[in-house]
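Coordinate inspection notes
So the chains spell out like this:
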Amino acid sequence: MCGIVGFTNNIDNSNVVIGEMMDRIKHRGPDAEGKYIDEDIALGHRRLSIIDVSSQGDQPLFNEDGSVVLVFNGEIYNFQGIREKLVAAGHKFKTKTDSEVLIHGYEEYGARLLDMLRGMFSFIIWDKNKKEIFGARDFFGIKPMYYAQMNGTFMFGSEIKSFLAHPNFRKELNESVLESYLTFQYSPTNETFFKNVFKLPPAHYFTYKDGKLSVKRYWDVHFSPDEKPDLNEWVNRISDTFHDSVEAHKIADVEVGSFLSSGVDSSYVAAVADVDKTFTVGFGSDEKYNEIGWAKEFSKAIGKENSSKVISAEEYWGNLAKIQYHMDEPLADPAAVALYFVCNIASEKLKVVLSGEGADEIFGGYNVYSEPDGTFYDRLPRGLKRGIGGIAQKLPAKRGVNFFVRKGKDLEERFIGNAYMFTPEERKALLKIKTDAPMPQTITKPFYDNVQGMDDVTKMQYLDLHLWMAGDILLKADKMSMANSLELRVPFLDKEVMSLAEKIPLRYRVTHKEITDENTRYITKYAMRLAAKKDTPKQTAKTAAKKKLGFPVPIRVWLKEDKYYSIVRSAFESESGRKFFNTAPLIKLLDDHKSGKADNSRKIWTVYIFLVWYKVYFENDGKY
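Residues numbered from 1 in each chain as written. Predicted model: local features only at pLDDT ≥ 70, side-chain atom pairs only at ≥ 80, totals over all residues. Heavy atoms only, no water.

It is worth spelling out the overall build of the protein chain at this point. For the protein chain, the count of helices and strands is 27 helices and 19 strands. Taking 2.2 N^0.38 as the reference for a compact globule, 624 residues should give roughly 25 Å; the C-alpha atoms of the protein chain span a radius of gyration of 24 Å, in line with that estimate. For the protein chain, restricting intrachain contacts to residue pairs at least 6 apart in sequence, the fraction spanning at least 24 positions comes to 71%. Just so you have it, the protein chain exposes about 24,200 Å², and 48% of that area is on carbon and sulfur atoms. Of the side chains in the protein chain, 87 bear a positive and 87 a negative charge, and the two mean positions are spaced by 4 Å. (Helix = DSSP H or I, 4+ residues; strand = E, 2+ residues; numbered from the N terminus. Rg over C-alpha atoms; globule rule 2.2 N^0.38 Å. Contact = heavy atoms within 4.5 Å. Areas by Shrake-Rupley, 256 points an atom, 1.4 Å probe, with all protein chains shown as cover. Lys, Arg positive; Asp, Glu negative; His and termini not counted. Charge placed at Lys NZ, Arg CZ, Asp CG, Glu CD.)

Now the structure itself:
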């Protein structure tokens, strides 16, 4: 795992600048560094040694005659098979790394190489003969890639913060993204919070030549259910495919561990991977917020060592600035902080961990996926539900009323992903600034258009795979692990696993089955849970039916305490708070939450985290 930076070279002190850019992302690769500079380009690389840990794997890497240069972040799990084909075609390798197959694969196949890869990656290839830059990002967006065109310079890298060191970079807040963020809790488009800085979307590659940038998609998810196999056959296929993926994701020349919560995803990974060490964090002693006891019991059952940490409120709040610095863009997911700490304790013992991200999106695991047609009310005529919803929308918002409002809307109107913080009307009332931010449904529409005619669960999965997973789940996974110089691997997010999951019928993703004698409810990830049972110890088999908590964080409790209420209120009343927001409605959100009138914790957190991030990057000049 590594970090990459670079820019088209039109400055006199390129060696100094590329060095400063590399220093900004040293945490991504503390083991080694390398540069390549010519009259056209400057490339930098920071290395975390995982495969071929000798200096032979240091980057940049070159082809035989030095005309093709590579900087690469990630892992290619099927590199050995690709290497054999390239050797047979006459290519000569200098190292044993997975990285080098990208150089010779590019020479042999061009962009078609991407279809052959299995792994997580973002990389840049400089073709000196063509005077062309070729860059690519993996299928799901596990590894990041940012780029910007400013003042005659094209710059690119793993983290936006590296751009701050370039003299041609102009730092300016993208206010329209702020407005969208207030709804999604993350930046949902290819734009970033820095104006004119963009994310290369997952499953896309770009070419840059003669000042012209071209971006193209090379892969997408295609749900096409196969109704022929029965449930048992699907369970066996999932088991076989996942075992194969885990084995591929364990390829390393260093020790590999695994994260562990009380949910089925991480438990399945830990059990199949058969690693020696697992890692868990929690808050306090309340089982609602602490899964450590369960994780230790599970680890003992599978004969593994568990390391854990109880995160105090002081530690949590005290590290928010550092965490938003590493995030590059504000992310209001409270679990990001917990992920930072579990990465931290893992990094003290090893360099690589496996984690369960992606299982919910791929196999249909979120509780909201069980909602469509889940009640008698859902089967009422659409017109009747819309009428009732229209009436309910005029009433004061509360739990029962919100149900009818939500059910009165079509999926495309109401579902933008797993988080919906502020409505467009609420964010307009909250913001002092005026922006041209698109409506949430404008952002989601292209994805819904790609799955027209499919069932609602499949539509939600497709949307989450492209927005929520890349913008929230994988953003925090990469940035929090790399902040601790730790490689995080996600075996559910494998091209072969996705290829299988695309074919699983809806009834085997979300199904109606009896869990206990007393209770019948919808089960998500149904076939995957049954597959997990095959590898889960009998005494802990309840994991397969357990509701996932993720990283539950007690922010709703903390925000009622005087200490943290005061911290947030001070931020809301600060100069930057007053610059962007109308203070009165913010304080009302906070006071209503403290008094117990409403649970506004997530809305409060969304605004507060932006202000923490803004202070780091715009008031403290990128320092925390």
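To continue, consider the layout of surface pockets. By volume, the second largest pocket is sized at about 510 Å³. Along its surface, the second largest pocket is lined by 34 residues, and Asn 190, Pro 201, Pro 202, His 466 and Ala 470 are the ones closest to its centre. The greatest single-element share of the lining of the second largest pocket, amounting to 6 residues, is contributed by helix H19 (residues 468-483). The class makeup of the residues in the lining of the second largest pocket is 21 nonpolar, 7 polar and 6 charged. (1 Å grid on protein atoms, 1.4 Å probe; cavity = no way out; pocket = protein on both sides within 12 Å on 5 of 7 lines; lining within 4 Å. Points joined across faces, edges and corners; volume = space filled by probe spheres on them. Nonpolar A, V, L, I, M, F, W, Y, C, P; charged D, E, K, R; others polar.)

With that out of the way, let us pick up the environment of Arg 386. Within the secondary structure layout, Arg 386 lies in helix H13 (residues 382-392). By relative accessible area, which is 32% here, Arg 386 ends up partly exposed. Arg 386 sits 74 residues away from Ser 312 along the chain, and the two C-alpha atoms are 46 Å apart. In this structure, Arg 386 is in contact with Gly 408, Lys 409, Asp 410 and Glu 413, ignoring residues within four places of it in sequence. (Buried < 20%, exposed > 50% of the residue type's maximum accessible area, 1.4 Å probe, protein only.)

This paragraph deals with the side chain of Glu 502. Tracing the backbone shows Glu 502 in the loop between helix H20 (495-501) and helix H21 (506-509). Look at Glu 502: it is buried, it has no salt bridge, and the nearest opposite charge is Lys 503 at 4.7 Å. In this structure the side chain of Glu 502 is engaged in a polar contact, spanning 2.9 Å, whose partner is the backbone nitrogen of His 222. In contact with Glu 502, not counting residues within four places along its chain, are Asp 220, Val 221, His 222, Phe 223, Ser 224 and Pro 225. (Salt bridge = Lys/Arg side-chain N within 4 Å of Asp/Glu carboxyl O. Polar contact = N/O pair within 3.5 Å; in protein donor to acceptor, adjacent residues only side chain to side chain.)

Taken in spatial order, the 5 strands of this open sheet run E15-E14-E13-E16-E17, and their pairing is parallel. On the outer flanks of this sheet lie strand E15 (305-310) and strand E17 (487-489), each paired with one strand and no other. Strand-to-strand twist of the sheet, defined as the mean angle between neighbouring strand axes without regard to direction, takes the value 30 degrees. Relative to E17, strand E16 (residues 352-354) runs parallel, the two sharing 3 bridges. Across the sheet, Leu 354 pairs through a bridge with Arg 489, a residue of E17. (Pairing = 2+ DSSP bridges. Axes fitted to C-alpha atoms, helices over the stretch in contact; angles between N-to-C directions.)

With that settled, the discussion passes to helix H5 (residues 175-184). In terms of residue burial, H5 counts as a mostly covered element, since 9 of its 10 residues are buried. Turning to H5, its buried residues are Ser 176, Val 177, Leu 178, Glu 179, Ser 180, Tyr 181, Leu 182, Thr 183 and Phe 184. Those residues of H5 hidden inside the fold are in contact with helix H16 (424-430), helix H17 (440-450), helix H25 (575-580) and helix H27 (601-619). Gln 185 sits one or two positions beyond H5 and adopts a positive phi of about 75 degrees.

Each neighbour pair has its own omega, and for Gln 59 with Pro 60 the value is 5 degrees, a cis peptide bond. With respect to the element layout, Pro 60 can be found in the loop between strand E3 (41-47) and strand E4 (61-62). Located in the positive-phi region is Asn 151, a residue other than glycine, with phi close to 50 degrees. Tracing the chain through its elements places Asn 151 in the loop between strand E8 (146-150) and strand E9 (153-157). For Asn 151, a relative accessible area of 58% corresponds to the exposed category. Unlike most non-glycine residues, Lys 525 shows phi in positive territory, near 50 degrees. The class of Lys 525 is buried, set by a relative accessible area of 1%.

Ranked by internal contacts, the top residues of the largest apolar core, which has 180 residues, are Phe 123, Tyr 316, Phe 581 and Phe 610. Considering every element that reaches this core, the biggest residue donor is H27, with 12 residues. Residues within four places of Phe 581 in sequence aside, it is in contact with Leu 178, Leu 182, Leu 430, Leu 431, Lys 432, Leu 586, Val 607, Phe 610 and Leu 611. Counting residues in hydrophobic clusters, the runner-up holds 16 residues, among them Tyr 36, Ile 133, Met 145 and Phe 156. (Core = buried A, V, L, I, M, F, W, Y, C linked by side-chain atoms within 4.5 Å.)

Confidence in the prediction of the protein chain, expressed as mean pLDDT, is 91, and 91% of residues score 70 or more. Ignoring residues within four places in sequence, the model shows residues 514-520, a span with pLDDT below 50, making 7 contacts including any to other chains. (pLDDT = per-residue confidence, 0-100.)

Looking now at the pairing of strand E2 (residues 32-37). Burial along E2 is one-sided: the face carrying Ala 32, Gly 34 and Tyr 36 is buried and the face carrying Glu 33, Lys 35 and Ile 37 is not. Bridging between E2 and E3 involves 6 bridges; their strand directions are antiparallel. Looking across to E3, one finds that Glu 33 is bridged to Arg 46. Count of turn residues in the E2/E3 antiparallel hairpin: 3 residues.

Before going further, it helps to spend a moment on the pairing of strand E13 (residues 256-259). Residues of E13 alternate between two faces, with Val 256 and Ser 258 on one and Gly 257 and Phe 259 on the opposite face, all of them buried. For E13 and strand E14 (residues 277-282), the ladder comprises 2 bridges, and the chain directions are parallel. Within the sheet, the bridge partner assigned to Phe 259 lies in E14 and is Phe 279. With respect to chirality, the unit in which E13 leads through helix H7 (residues 264-273) into the neighbouring parallel E14 is right-handed. (Right-handed = clockwise from strand over helix to strand, strands pointing away.)

Secondary-structure assignment places Glu 357 in the loop between E16 and helix H12 (359-363). With no salt bridge to any partner, buried Glu 357 finds its closest opposite charge in Lys 476, at an N-O distance of 6.2 Å. Here Ser 355 takes part through its side chain, which lies 2.5 Å from a polar atom of the side chain of Glu 357. With sequence-adjacent residues up to four places away left out, Glu 357 is seen in contact with Ile 473, Ala 477, Leu 488, Val 490, Phe 492 and Leu 493.

Taken in spatial order, the 6 strands make up an open sheet running E2-E3-E1-E9-E8-E10, and their pairing is antiparallel. Where the open sheet ends on each side, the last strands, each with one partner, are E2 and strand E10 (197-199). Within this sheet the neighbouring strands show an average axis-to-axis angle of 15 degrees, counted without direction. Pairing between strand E1 (residues 2-8) and E9: 3 bridges, direction antiparallel.

At a minimum axis distance of 9 Å, the contact between H5 and H27 shows a crossing angle of 145 degrees. In this structure, the crossing between H5 and H27 has a hand that is right-handed. In this structure, H5 contributes Leu 178, Tyr 181 and Leu 182 to the contact, and H27 contributes Thr 606, Val 607, Ile 609 and Phe 610. For the contact of H5 with H27, the residue count by class is 6 nonpolar, 1 polar and no charged. (Left-handed = near helix turned anticlockwise from the far one by under 90°.)

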